[in-house]
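So you can see what is in the structure, the chains are spelled out below.
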Amino acid sequence: MNTTTIDEVAGWTTRPGARVFSGHESFACRYGWLPKLHEAITADPTIFSSDERAILALGLGRNMVKSIRFWGEAFGLTHGVNGEVRPTEFARQLLDQDGGLDRYLETSGSLWRLHWMLATHGGLGAWAAVFLDLHDPEVGRDRLVTAVRARAAQVRGPITLQTASTHVDMLIRTYAPAQEPDAVAEDALGSPFQELRLLRMVSPAGIPTIRLSRGPKPSLDPAALAFVLHDFWRGTAPGSRTLSMRSLMLSHGAPGSTLLLDETGMHESLDALCLLSKRLTLRADGAGGYDLTSSGSPIHELQEMAW
């Protein structure tokens, strides 16, 4: 597979995703936050009409209230309507008390869905760099901070070194387990997305470095992969009944790069998906590669399998 360095990524300035570099108030999304937010706005879409009202409804401090609202929008779980904050259809399918797939986010499959939504639709600059554009196995933290500042200047105007550093550290705290046993309380609580084991921090030669865990993902169940493929297929080739393995691995924002799957891992995951499907088949293309094909509407089939 060809590699692309972070300094050579294509499409960053034109992709609508790379536009957000702050707003999380230095808090990673915590266990219980997203179900709490969904329950609160379902009961009262006006809770964010004042800080005091939201603080009382959510039981969080002022900055945490701002953070939980940020994460709800970034994950595609909330949207504003006439001054109110309401759940999206995705949120209802996932978190509703009656009929939601996983109202307490207890399964890895739900976390994979949310990771996909955040990385591909959330608009966070550091996420776009690491999961959509970068195919290297690791990237130095300082190099990523520099790249984030450069890209921010292109898409929305200059940001400070502190803003870029905080944003990159938020990516790290979301996915990388805390390295120190005496980490401060907010880090010790951890983020549920650390369970996906997508990255970790290492320090070769004393240089803080983000190491990406590319390979098979045993916790990626077929239903979660169907959700990802449905979104990707609908967005890139809605009229086609075939997607090539190359597209699934190498296209900008492809499932392979976003989920950090290598070709072996993608092949294994697609095999498991096809075993459960009556329409989807993974076939050799005659040129050393593979195609995912559907005998009917792949969009409909994947939607059914996802939920």
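Rules behind the numbers
- Residues numbered from 1 in each chain as written.
- Predicted model: local features only at pLDDT ≥ 70, side-chain atom pairs only at ≥ 80, totals over all residues.
- Heavy atoms only, no water.
- Pairing = 2+ DSSP bridges.
- Helix = DSSP H or I, 4+ residues; strand = E, 2+ residues; numbered from the N terminus.
- Axes fitted to C-alpha atoms, helices over the stretch in contact; angles between N-to-C directions.
- Contact = heavy atoms within 4.5 Å.
- Expected span 1.5 Å × (residues − 1).
- Buried < 20%, exposed > 50% of the residue type's maximum accessible area, 1.4 Å probe, protein only.
- Phe/Tyr/Trp six-rings, centres within 6.5 Å; stacked < 30°, edge-to-face > 60°.
- Salt bridge = Lys/Arg side-chain N within 4 Å of Asp/Glu carboxyl O.

Caption draft 1: Region of interest: the sheet that holds strand 7 (residues 280-284). Across the sheet, which stays open at both edges, the three strands sit in the order 6-8-7 with antiparallel pairing between neighbours. Each end of this open sheet is capped by a strand with a single partner; those strands are strand 6 (242-244) and strand 7. If you compare each strand with its neighbour and ignore which way they point, the axes differ by 25 degrees on average. Where strand 6 and strand 8 (residues 290-294) come together, three bridges link them in antiparallel fashion. Looking across to strand 8, one finds that Thr242 is bridged to Thr293. The strands touched by helix 13 (residues 263-275) are strand 7 and strand 8; relative to strand 7, the strand with the most contacts, the crossing angle is about 135 degrees.

Caption draft 2: Representation of helix 3 (residues 62-74) within the structure. The terminal C-alpha atoms of helix 3, which comprises 13 residues, lie 19 Å apart, in line with the 18 Å expected from a rise of 1.5 Å per residue. For helix 3, the complete set of buried residues consists of Met64, Val65, Ser67, Ile68, Phe70, Trp71, Gly72 and Ala74. Check the buried side of helix 3 and you find it contacts helix 1 (33-43), helix 2 (51-58), strand 1 (78-81), helix 5 (108-121), helix 6 (125-133) and helix 8 (161-175). A positive backbone phi angle near 75 degrees is found at Gly76, which sits one or two residues after helix 3.

Caption draft 3: Seen up close, the packing of aromatic side chains. One pass over the full model with this rule turns up ten aromatic pairs. On the basis of an interplanar angle of 25 degrees and a centroid distance of 5.4 Å, the ring pair of Phe90 and Phe227 is categorised as stacked. Note that Phe90 is positioned in helix 4 (residues 89-95) and Phe227 in helix 10 (residues 222-236), a separation of 137 residues in sequence. Judged on exposure class, the residue Phe90 and its partner Phe227 are both buried. A connected cluster of aromatic rings, assembled from ring pairs, spans Phe70, Trp71, Phe75, Trp127, Phe131, Tyr175 and Phe193.

Caption draft 4: How the structure looks around the pattern of salt bridges. One pass over the full model with this rule turns up nine salt bridges. Put simply, Asp51 and Arg62 hold a salt bridge, and the shortest N to O gap is 3.0 Å. Remark: Arg62 occurs in helix 3 and Asp51 occurs in helix 2; sequence separation between them is eleven residues. We classify Asp51 as partly exposed; its relative accessible area is 33%. Assessed through its relative accessible area of 39%, Arg62 is described here as partly exposed.

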